[in-house]
Amino acid sequence: CSSDLSEFAKFAMCLGLARALAQLRGRINQWHYLKEVLVVLCLMLALVVAEPHLGGTLVMAATAACIFAAAGLKGRWFGYAAIAGVLLVALSVTFQHYQRLRLIAWLDPVQYADSIGYHAVHCETALARGGWVGRGLGRSIEKFFYLPECHTDSILAVLGEEHGFIGAFTVLALFFVLALRGMTIAGEQVEPFERYLAVGLTAGIFLQAMLNFGVTSGLLPQTGVGMPFLTYGGSSLVFCLTAVGVLLNLSCNRPA
């Protein structure tokens, strides 16, 4: 969804986690010091998944993992986190009926094209209609009464129909450029807090974009995660613009 509170939670998480890990420095792999950070992080993720917003929770968890990796957390902790993540997803799918339906529809959307697979089928139809160069700006058929959420979660499908594979690939390439530039800015930072913050903000945008790409193309089950910068309004745009503003500010902090 383009206007949920998880976007503000993601920004707060990047700030808080970067600050906490910067203060830990070389003690990050010691459980005595790490447990307090993990407790706060898990509480925040639990609140988002209870919204309910499983897609936003996964983006936040993956973003946090990138910050931990930048801070030097050892590999075994990521193994534990992966197991906990699988259990969290399993519990969420078990207790949220609509999430089970989305998973079933993802496995065979054509079979359920008139019901739970409707959204996935029309996303793929829009992309298929676009071909290589698209139907032309404003000439999408699917966005008129066929494709649900065409201005939010499914905006990439409309873009692909109007501008084709070339247009969608260009958007994908631009996100990779943004990620590369963000990581370059992070590598230029002297202070750990600024470095971890740059990694978190970059990952928060890039991972959300990749999740939306996966959902629209049918590689992943349907989620309520919009496309950064392209999804209509809401808190997603606020987070993205704020993150880019912070990254631009950090880019000025280059060693002499």
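Let me sum up the structure you'll find in this document. Please read all numbers here as calculations on a predicted model, not as lab measurements.

Calculation rules
Residues numbered from 1 in each chain as written. Predicted model: local features only at pLDDT ≥ 70, side-chain atom pairs only at ≥ 80, totals over all residues. Heavy atoms only, no water. Helix = DSSP H or I, 4+ residues; strand = E, 2+ residues; numbered from the N terminus. Rg over C-alpha atoms; globule rule 2.2 N^0.38 Å. Buried < 20%, exposed > 50% of the residue type's maximum accessible area, 1.4 Å probe, protein only. Contact = heavy atoms within 4.5 Å. Areas by Shrake-Rupley, 256 points an atom, 1.4 Å probe, with all protein chains shown as cover. Lys, Arg positive; Asp, Glu negative; His and termini not counted. Charge placed at Lys NZ, Arg CZ, Asp CG, Glu CD. Phe/Tyr/Trp six-rings, centres within 6.5 Å; stacked < 30°, edge-to-face > 60°. 1 Å grid on protein atoms, 1.4 Å probe; cavity = no way out; pocket = protein on both sides within 12 Å on 5 of 7 lines; lining within 4 Å. Points joined across faces, edges and corners; volume = space filled by probe spheres on them. Nonpolar A, V, L, I, M, F, W, Y, C, P; charged D, E, K, R; others polar. Core = buried A, V, L, I, M, F, W, Y, C linked by side-chain atoms within 4.5 Å. Axes fitted to C-alpha atoms, helices over the stretch in contact; angles between N-to-C directions. Parallel < 35°, antiparallel > 145°, perpendicular 65-115°, else oblique. Left-handed = near helix turned anticlockwise from the far one by under 90°. Expected span 1.5 Å × (residues − 1). Arc of directions from axis to C-beta. Polar contact = N/O pair within 3.5 Å; in protein donor to acceptor, adjacent residues only side chain to side chain.

A count of helices and strands for the chain gives 9 helices and 0 strands. In terms of C-alpha radius of gyration, the chain reaches 19 Å, essentially the compact-globule figure of 18 Å for 256 residues. With the C-alpha coordinates of the chain rotated into their principal frame, the extents come out at 55 × 45 × 30 Å. Expressed as a percentage of the 256 residues in the chain, the buried residues total 43%. Sequence-distant contacts in the chain: of pairs separated by 6 or more residues, those separated by 24 or more amount to 71%. For the chain, the accessible surface area stands at approximately 13,000 Å², while carbon and sulfur atoms represent 69% of it. Computing the positive centroid from 16 side-chain charges and the negative centroid from 15, the chain places the two 10 Å apart.

Following the criterion strictly, the structure yields 7 aromatic pairs and no others. Where W77 meets Y80, the ring centres are 5.9 Å apart and the plane angle is 90°; that geometry is what we call edge-to-face. You can see W77 and its partner Y80 sitting in helix α4 (residues 75-95), 3 residues apart, about one turn around the helix. Aromatic pair F165 and F169: ring centres 5.8 Å apart, planes at 20°, arrangement stacked. Note that F165 and F169 are positioned in helix α7 (residues 155-188) at a spacing of 4 residues, about one turn of the helix. Using a relative accessible area of 48% as the deciding quantity, one classes F169 as partly exposed.

Another aspect to go through is empty space enclosed by the protein. If you walk through the whole model with that rule in mind, you get 1 cavity of 30 Å³ or more. The space that makes up the largest cavity amounts to roughly 70 Å³. What lines the largest cavity is a set of 12 residues, and nearest its centre among them are S6, E7, K10, G56 and Q208. For the lining of the largest cavity, the elements supplying multiple residues, two or more each, are α1 (6-24) and α3 (54-71). Here the lining of the largest cavity is built from residues that sort into 4 nonpolar, 6 polar and 2 charged.

Before going further, it helps to examine the nonpolar core. The tendency in soluble globular proteins is for nonpolar side chains to be buried side by side. Among the nonpolar cores identified, the biggest contains 45 residues, and L21, F68 and F175 are the most heavily contacted of them. For this core, the elements supplying multiple residues, two or more each, are α1, α2 (31-49), α3, α7, α8 (192-217) and α9 (234-250). Counting residues per element, this core draws most heavily on α8, at 10 residues. Contacts of L21, omitting those with residues within four sequence positions, involve I28, V37, I67, F68, A71 and Y196. Membership of the second largest hydrophobic core comes to 6 residues, among which are A126, L147, C150 and A157.

What follows covers the side chain of H119. Tracing the chain through its elements places H119 in helix α6 (residues 118-130). Judged by its relative accessible area of 16%, H119 is buried. In contact with H119, not counting residues within four places along its chain, are L147, P148, E149, S154 and Q222.

Contact geometry for α2 and α3: axes closest at 8 Å, N-to-C directions at 160°. Between α2 and α3, the interaxial angle falls into the category roughly antiparallel. Regarding α2 and α3, the two cross each other, and that crossing is right-handed. For the pair formed by α2 and α3, the contact residues are L34, V37, L38, L41, M44, L45, V48 and V49 on the first element and L54, G56, T57, M60, A61, A64 and F68 on the second. In terms of residue class, the contact of α2 with α3 is built from 13 nonpolar, 2 polar and no charged.

As a further point, take α4. The first and last C-alpha atoms of α4 sit 31 Å apart over 21 residues, in line with the 30 Å expected at 1.5 Å per residue. Listing the buried residues of α4 in full gives W77, S92 and V93. For α4, the angular spread of buried residues about the axis comes to 135°, placing them on one side. Those residues of α4 that are exposed and angled more than 90 degrees off the buried face are I83, V86 and L87. Summarising the contacts, the buried residues of α4 are in contact with α2, α3 and α5 (97-107).

Positionally, K10 belongs in helix α1. Linking K10 and A198, residues 188 residues apart in sequence, is a C-alpha distance of 13 Å. The contact partners of K10, leaving out residues within four places of it in the chain, are V59, M60, G204, Q208 and F239. At a separation of 3.4 Å, a polar atom in the side chain of K10 contacts the main-chain carbonyl oxygen of G204.

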